[in-house]
Protein chains: 2
Amino acid sequence: LLCVGLDSDISKLPDCFEKSIEGLLEFNKSIIAATCDFASAYKINFAFYEQYGSDGFDAIKQTFEMIPGDTFTIADAKRGDIGNTSAAYSRSVFNFFQADSITVNPYMGFDSIEPFIESNKLVFLLALTSNSGSNDFQRLVCNGKPLYQHVIEKTTARYDAGNIGFVVGATHPAELAAIRSIAPSNCLLIPGVGAQGGDIDAILAANADALALINVSRAIIYPQTAIADKAHYSAAVCLLAQEYAIKMKTE
Amino acid sequence: LLCVGLDSDISKLPDCFEKSIEGLLEFNKSIIAATCDFASAYKINFAFYEQYGSDGFDAIKQTFEMIPGDTFTIADAKRGDIGNTSAAYSRSVFNFFQADSITVNPYMGFDSIEPFIESNKLVFLLALTSNSGSNDFQRLVCNGKPLYQHVIEKTTARYDAGNIGFVVGATHPAELAAIRSIAPSNCLLIPGVGAQGGDIDAILAANADALALINVSRAIIYPQTAIADKAHYSAAVCLLAQEYAIKMKTE
């Protein structure tokens, strides 16, 4: 169930890593090595790399290449545009980066989502996100149902569950249970555990053993302990990943 | 009023340009030179460059640098994510690329929009987009008003008109007139003229001389005439830009 989020940021690297793109890549390599026995998936948040421009974009590519071939990868890029533009984003994420899946914003409608679906990779559509801003529009009630429910119902009516998943924040366990009743077999990507405060036990109960990836980023890759060197850092990250993986299995 | 959209695509370059990133950059340079006397702004569609990976990302940077310093630039990137991630996208677009404005997707709410606003650059929030998929969610009626109207009203209540504009497709002139009554002084970015079929006269009438940029991409950068060489191509593009600029001025 565990997805490790590579939200790597040069300004947050521990002192034992060089504060540069090279240091960032070395950091990612060490995080992947420390967590790959416990992670079912890795999620790469494009923004953290794009802030460094084309070198950062190249670092995304190099990071995808570090991930073991049998581990699922998520391009967390939140893309979405009119048809011919979404098709170009799809080529970027699936042909250039060779990701296994992408996060897509539904606001522009189905012709903006379709080019990603056509790739036959998994598309995670934003439904009810983990942030407090999810109240602003996603929960607006249209014809008796919140917007995010329209997104899920219209999408499941249109596409096979194997083609499309949904992003549902770990900060909304009650809604997650309701979402499971309308999307029982779609894979859910559940961010918001750890730094954002989502509760794993509540999420596992609401998800009821259905297909899901629970993402943890900062709470695994930046351990809150005093770290002497790279070996110590790696051990601390490994321990955290193991703890999260065990929690997700046994509860 | 004219915004020229640099939706440049190697596979669509005319034969007189090399089919490579270098050819694409030469093409952009020639388009900018041919249109800069008539364009108030240039819009760079990130997807068309990201499909070529890090070299493409670098080509975005080089294209921004080609644009005359006094001409307004739009990073058409449709970004938006939780706060710390939107802040990283903001650094990418405003610090690395030095764009004057960005297109942002509102679905994730105000805490996802805020980091872009804080940059004190102009943010174009997607409202009613030009594609047919705009019917799927943007027009869902919540509390008696379509979703896109909630986006506009909540946003104008929150931010000064100088900080935020809206994307309204040229394919919806009737709605544009209604939007002008609730957002009279926000800048509108109006795509969808040309290849997508939006009618300039109807748009100008609906906009009623308010602040707007009307984007034309394919209908200017890919003239539908037989082209012998680069000089011919440049002349054809220049003529089209002039025609569009005149139409937008006089009607």
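Each remark here, short or long, concerns the structure printed above.
Everything quoted here is computed from the prediction, not taken from an experiment.

Novice: Go over the interface of chain B and chain A, please, and point to the residues and values.
Specialist: Where the parts come together, the accessible area they lose is often given as the size of the interface. If you look at the interface, chain B gives 55 residues, while chain A gives 55 residues. Between chain B and chain A, roughly 4,900 Å² of surface is buried when both sides are summed, and carbon and sulfur atoms account for 56% of that area. Contact with chain A buries area across many residues of chain B, yet Y107(B), M108(B) and F137(B) alone supply 17% of it, more than any other trio. Run the count over chain B and chain A and you get four salt bridges. For D81(B), the salt bridge is made with K78(A), and the minimal N-O distance between the two is 2.8 Å. Run the count over chain B and chain A and you get 33 residue pairs in polar contact (both at pLDDT 80 or more). Per element, the largest residue contribution to the side of chain B that touches chain A is seven residues, and it comes from helix α4 (residues 83-96) of chain B. Tallied by class, residues from the side of chain B that touches chain A come to 23 nonpolar, 20 polar and twelve charged.

Novice: So what's going on with the relation of the copies chain B and chain A? Which residues, and what values?
Specialist: By a simple turn and slide, chain B fits onto chain A: the slide is 0.0 Å along the axis, the RMSD is 0.0 Å, and the turn is 180°. Taken together, the rotation and translation describe the operation of a two-fold axis. Minimal C-alpha separation from the rotation axis in chain B is found for C142(B), amounting to 2.0 Å.

Novice: Kindly report on the packing of α4(B) against helix α5 (residues 110-117) of chain B, identifying the contributing residues and their values.
Specialist: Residues and elements named next belong to chain B. With their axes 8 Å apart at the nearest point, α4 and α5 run at an angle of 30° to one another. Our classification of the angle between α4 and α5 gives roughly parallel. As for the relative orientation of α4 and α5, their crossing is right-handed in sense. Seen from α4, the contacting residues are G83, S86, A87, Y89, S90 and F94; seen from α5, they are D111, S112, P115 and F116. Split by residue class, the contact of α4 with α5 holds five nonpolar, four polar and one charged.

Novice: How would you explain the packing of aromatic side chains if you had to name every residue and give the values?
Specialist: Tallying each qualifying case throughout the model produces 25 aromatic pairs over all chains. For the ring pair F57(A) and F57(B), a centre distance of 4.0 Å and an interplane angle of 5° mean the geometry is stacked. Pair noted here: F57(A) is in helix α3 (residues 53-66) and F57(B) is in helix α3 (residues 53-66), and the two residues belong to different chains. Like F57(A), the residue F57(B) is buried in the burial classification. Between F27(B) and Y222(B), the aromatic rings sit 6.0 Å apart at their centres with planes inclined by 20°, giving stacked as the arrangement. A residue pair is termed long-range when its members are at least 10 positions apart, and F27(B) in helix α1 (residues 21-35) and Y222(B) in the loop between α9 (218-221) and α10 (230-250) qualify at 195 residues. Of the residues examined, F27(B) reaches a relative accessible area of 0% and is grouped as buried. Here Y222(B) falls in the buried class, since its relative accessible area comes to 9%. Linked through ring pairs, F46(A), F57(A), F64(A), F96(A), F97(A), F46(B), F57(B), F64(B), F96(B) and F97(B) together constitute an aromatic cluster.

Novice: Residue-level account of the side chain of N207(B), with values.
Specialist: Along the chain, N207(B) turns up in helix α8 (residues 200-207). Setting aside chain neighbours within four positions, we find N207(B) in contact with L176(B), R180(B), L188(B) and A212(B).

Novice: Would you mind going over the sheet that holds strand β10 (residues 212-216) of chain A in detail, with residue names and values included?
Specialist: Residue and element names in this part refer to chain A. Strand order in the closed barrel formed by eight strands is β1-β2-β3-β4-β5-β8-β9-β10, with parallel pairing between adjacent strands. Adjacent strand axes in the sheet meet at a mean angle of 30°, parallel and antiparallel pairs treated alike. Strands β1 (2-6) and β2 (41-45) of the sheet are contacted by helix α1 (residues 21-35), whose axis makes an angle of about 170° with β1. Set on the sheet, helix α6 (residues 147-158) makes contact with β5 (122-128) and β8 (164-168); between it and β5 the angle comes to about 150°.

Novice: Go over the environment of A228(A), please, and point to the residues and values.
Specialist: Residues and elements named next belong to chain A. Here A228 shows up in the loop between α9 (218-221) and α10 (230-250). Residue A228 is classed as exposed on the basis of its relative accessible area, which comes to 61%. The spacing of A228 and E118 is 110 residues in sequence and 48 Å in space, taken between C-alpha atoms.

Rules of the game
- Residues numbered from 1 in each chain as written.
- Chains lettered and ligands numbered in written order.
- Predicted model: local features only at pLDDT ≥ 70, side-chain atom pairs only at ≥ 80, totals over all residues.
- Heavy atoms only, no water.
- Contact = heavy atoms within 4.5 Å.
- Buried area = accessible area lost by both parts, 1.4 Å probe.
- Salt bridge = Lys/Arg side-chain N within 4 Å of Asp/Glu carboxyl O.
- Polar contact = N/O pair within 3.5 Å; in protein donor to acceptor, adjacent residues only side chain to side chain.
- Helix = DSSP H or I, 4+ residues; strand = E, 2+ residues; numbered from the N terminus.
- Nonpolar A, V, L, I, M, F, W, Y, C, P; charged D, E, K, R; others polar.
- Least-squares fit on C-alpha atoms with pLDDT ≥ 70 in both.
- Axes fitted to C-alpha atoms, helices over the stretch in contact; angles between N-to-C directions.
- Parallel < 35°, antiparallel > 145°, perpendicular 65-115°, else oblique.
- Left-handed = near helix turned anticlockwise from the far one by under 90°.
- Phe/Tyr/Trp six-rings, centres within 6.5 Å; stacked < 30°, edge-to-face > 60°.
- Buried < 20%, exposed > 50% of the residue type's maximum accessible area, 1.4 Å probe, protein only.
- Pairing = 2+ DSSP bridges.

That's the geometry; what it means functionally is another story.
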